[in-house]
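# Chain and residue survey
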Amino acid sequence: MRDVALEAGVAHATLYNQFETKDGLVLAALRDNLERLAAHRVSGRQDAIGRYFELLGAVTEEVVQRPRYAEAMTQLMFNAAPSDEVTNLLVAQRIALDRASVRQMIVEGVLLPDTNVDMAARRLTGAFWSIMLLWTKGFVALHDLPGELHGGHRAVLEALATGAGRVRLRV
């Protein structure tokens, strides 16, 4: 907290007036970061698959630009209980976003009409976090992370894609 106060140019007590605990500060920073990244969903892309991979690219870029922060958030998430707020922010909300994207990809004919939306959303979220876990444990290099994340998500979607959807996923 002292380091954060110093970096922010405020008194140590000021942080404790705003945030009762370190966890409160971390969650506030995480919420701000997620809101900023969510703004990428409001891009000029018209198709769901383009928006999906654009957002994934923005998240990946954030990880590559700020690896210590990303590693800390990943470790925090993996150590959190299912009922913790960080689990809600990083897993439950991610599943909800993936669910909405999958539904739109079905509407646009990228994914098969009988796709199990909940299962697909969980698999996409799982692909993200499994690759992040491999990265934090040293099995994926930081410079390989963008390709790993993109490829992992594309593989999940290709398994559920229509013929036309597979073509669009390869572009």
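All of the points below concern the structure found in this document.

## Considerations on the overall build of the protein
Secondary structure assignment for the protein yields nine helices and zero strands. For the protein, buried positions account for 39% of its 171 residues. Restricting to contacts in the protein with at least 6 residues of sequence separation, those with at least 24 account for 63%. Approximately 9,700 Å² of the protein is accessible, and the part contributed by carbon and sulfur atoms is 54%.

## Concerning the side chain of Glu62
Inspection of the secondary structure puts Glu62 in helix H4 (residues 48-65). Among the residues examined, Glu62 registers a relative accessible area of 11% and is labelled buried. Setting aside chain neighbours within four positions, we find Glu62 in contact with Asn33, Arg36 and Leu37.

## Some points on the nonpolar core
Within soluble globular proteins, side chains that are nonpolar tend to cluster in buried spots. Membership of the largest hydrophobic core comes to 44 residues, with the highest contact counts inside it found for Met105, Leu111, Met132, Leu145 and Leu157. Looking at this core, the elements that each hand over two or more residues are helix H3 (22-38), H4, helix H5 (67-79), helix H6 (85-107), helix H7 (117-136) and helix H8 (145-160). Examining the composition of this core, we find that ten residues originate from one element, H7, more than from any other. Setting aside chain neighbours within four positions, we find Met105 in contact with Ala48, Ile49, Tyr52, Val110, Leu111 and Leu157.

## Some remarks on H4
For H4, with 18 residues, the first-to-last C-alpha span of 26 Å sits near the 26 Å given by 1.5 Å per residue. Listing the buried residues of H4 in full gives Ala48, Ile49, Gly50, Tyr52, Phe53, Leu55, Leu56, Ala58, Val59, Thr60, Glu62 and Val63.

## Considering the pattern of salt bridges
The final tally for this structure, using the stated rule, is seven salt bridges. The salt bridge involving Asp47 is made with Arg168; its shortest N-O contact spans 3.5 Å. Placement of Asp47 in the loop between H3 and H4 and of Arg168 in helix H9 (residues 163-170) is noted, with a sequence separation of 121 residues between them. Of the residues examined, Asp47 reaches a relative accessible area of 18% and is grouped as buried. Arg94 serves as the salt-bridge partner of Asp98, at 3.1 Å between the closest nitrogen and oxygen. Taken as a pair, Asp98 and Arg94 lie in helix H6 at a separation of four residues, close to a single helical turn. Residue classification places Asp98 among the buried residues on the basis of a relative accessible area of 2%.

## A closer look at the packing of aromatic side chains
In this description, an aromatic ring pair is defined by two values, namely the gap between the centres and the angle between the planes. This structure, assessed with the given rule, holds three aromatic pairs. With a centroid separation of 6.2 Å and 85 degrees between ring planes, the pair formed by Phe78 and Trp129 is classed as edge-to-face. Of this pair, Phe78 sits in helix H5 while Trp129 sits in helix H7, and the two are 51 residues apart along the sequence. With a relative accessible area of 9%, Trp129 lands in the buried category. Members of the aromatic cluster, joined through ring pairs, are Phe78, Phe128 and Trp129. Positioned over the ring face of Tyr69 is Arg66, at 4.5 Å from the centre of the ring. In this structure, Arg94 packs its charged tip against the face of Phe128, placed 4.6 Å from the ring centre.

What counts, and where the lines are drawn
- Residues numbered from 1 in each chain as written.
- Predicted model: local features only at pLDDT ≥ 70, side-chain atom pairs only at ≥ 80, totals over all residues.
- Heavy atoms only, no water.
- Helix = DSSP H or I, 4+ residues; strand = E, 2+ residues; numbered from the N terminus.
- Buried < 20%, exposed > 50% of the residue type's maximum accessible area, 1.4 Å probe, protein only.
- Contact = heavy atoms within 4.5 Å.
- Areas by Shrake-Rupley, 256 points an atom, 1.4 Å probe, with all protein chains shown as cover.
- Core = buried A, V, L, I, M, F, W, Y, C linked by side-chain atoms within 4.5 Å.
- Expected span 1.5 Å × (residues − 1).
- Salt bridge = Lys/Arg side-chain N within 4 Å of Asp/Glu carboxyl O.
- Phe/Tyr/Trp six-rings, centres within 6.5 Å; stacked < 30°, edge-to-face > 60°.
- Lys NZ or Arg CZ within 6 Å of the ring centre and 35° of its normal.

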